Amino acid sequence: PQAVANFLTLANKNFYTDVSCHRLTTAGIYVLQCGDPTGDGTGGPGYNWGPVENAPADDNYLEGYLAMARRGGDASSMGSQFFIVYKDSMIPSDAAGGYTVFGKITKGLSGLNKIVKAGTEDGSSDGKPAVETKLGAITLK
């Protein structure tokens, strides 16, 4: 519930409009990370919260899941950054637990195909997407 309330509040304030998705992972873990207004992974809404809630006990994050990003080992470091799981992924828990799942994309996930196929700017399996990617309108149901 904290994650849902936080996301709804930020979305309703248009916090995410035109905010970039700054991180793409393409090996082992398949996510597109978004929600940082600075675009480099260091920004947020000006506050942090926690703890982790609703994380899969088996560390299996299914295609379409939306989950909160956080600093490793810090269950109270969530803010506005989240990731979209575009392919089933085993994402290991750390000392703080797993990652808070707060929703699921039910339509339009194929819209990420172009971004994923282009990979990262530097060709690595974890980096800035080669295709500029920004959030637009967010519709919540």
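Predicted, not measured: the structure shown is a model, and the values here were computed from it.

Calculation notes
Residues numbered from 1 in each chain as written. Predicted model: local features only at pLDDT ≥ 70, side-chain atom pairs only at ≥ 80, totals over all residues. Heavy atoms only, no water. Disulfide = S-S within 2.5 Å. Helix = DSSP H or I, 4+ residues; strand = E, 2+ residues; numbered from the N terminus. Buried < 20%, exposed > 50% of the residue type's maximum accessible area, 1.4 Å probe, protein only. Polar contact = N/O pair within 3.5 Å; in protein donor to acceptor, adjacent residues only side chain to side chain. Patch = residues over 30% accessible without salt bridge, like charges linked within 9 Å, V, L, I, M, F, W, Y side chains within 5 Å. Areas by Shrake-Rupley, 256 points an atom, 1.4 Å probe, with all protein chains shown as cover. Salt bridge = Lys/Arg side-chain N within 4 Å of Asp/Glu carboxyl O. Arc of directions from axis to C-beta. Contact = heavy atoms within 4.5 Å. 1 Å grid on protein atoms, 1.4 Å probe; cavity = no way out; pocket = protein on both sides within 12 Å on 5 of 7 lines; lining within 4 Å. Points joined across faces, edges and corners; volume = space filled by probe spheres on them. Nonpolar A, V, L, I, M, F, W, Y, C, P; charged D, E, K, R; others polar.

Draft legend 1. Quick look at the state of the cysteines. Tallied over the entire structure, the rule returns one disulfide. Across the disulfide, Cys-21 is cross-linked to Cys-34 (sulfur-sulfur distance 2.0 Å). Judged by the sign of its S-S torsion, about 95 degrees, the bond between Cys-21 and Cys-34 is right-handed. A residue pair is termed long-range when its members are at least 10 positions apart, and Cys-21 in strand β1 (residues 21–25) and Cys-34 in strand β2 (residues 31–34) qualify at 13 residues. Under the relative-accessibility criterion, Cys-34 is labelled buried at 0%.

Draft legend 2. Region of the structure containing the environment of Asp-94. Along the chain, the position of Asp-94 falls in the loop between β6 (89–90) and β7 (101–104). In this structure Asp-94 comes out as partly exposed when scored by relative accessible area, which is 28%. Between the alpha carbons of Asp-94 and Asp-74 there is a distance of 9.0 Å; along the sequence they are 20 residues apart. Within the local environment of Asp-94, its side chain forms a polar contact with the side chain of Arg-70, the two groups lying 2.9 Å apart. Within the local environment of Asp-94, its side chain forms a polar contact with the backbone nitrogen of Gly-73, the two atoms lying 2.7 Å apart.

Draft legend 3. Expanded view of a nonpolar patch on the surface. Judged by side-chain polarity, Val-4, Leu-8, Ile-138 and Leu-140 come together as a nonpolar surface patch covering roughly 270 Å² of accessible area. With respect to the helices and strands, the residue Ile-138 is situated in the segment after β8 (126–127).

Draft legend 4. Quick look at helix α1 (residues 2–12). Turning to α1, its buried residues number three or more, namely Ala-3, Asn-6, Phe-7, Leu-10 and Ala-11. Each buried residue of α1 sits inside an arc of 125 degrees when the element is viewed along its axis, so together they form one side. Check the buried side of α1 and you find it contacts β4 (65–68), β5 (82–85) and β7. One or two positions beyond α1, positive phi appears at Asn-14, with a value near 60 degrees.

Draft legend 5. Highlighting unusual backbone geometry. Here the bond from Gly-50 into Pro-51 is cis, since omega is 5 degrees, no more than 30 degrees from zero. Inspection of the secondary structure assignment puts Pro-51 in the loop between β2 and β3 (60–61). The phi dihedral of Asp-18 is positive, around 65 degrees, even though this residue is not glycine. Tracing the chain through its elements places Asp-18 in the loop between α1 and β1. With a relative accessible area of 53%, Asp-18 lands in the exposed category. The residue Asn-54 is not glycine, and still its phi comes out positive at about 60 degrees.

Draft legend 6. Seen up close, the layout of surface pockets. The space that makes up the largest pocket amounts to roughly 800 Å³. Leu-66, Ile-105, Ile-138, Thr-139 and Leu-140 are the residues nearest the centre of the largest pocket, which is lined by 28 residues in total. Classifying every residue of the lining of the largest pocket by side-chain character gives 18 nonpolar, six polar and four charged. Residue assignment for the lining of the second largest pocket shows that the elements contributing at least two residues are β1 and β2. Classifying every residue of the lining of the second largest pocket gives nine nonpolar, twelve polar and four charged.

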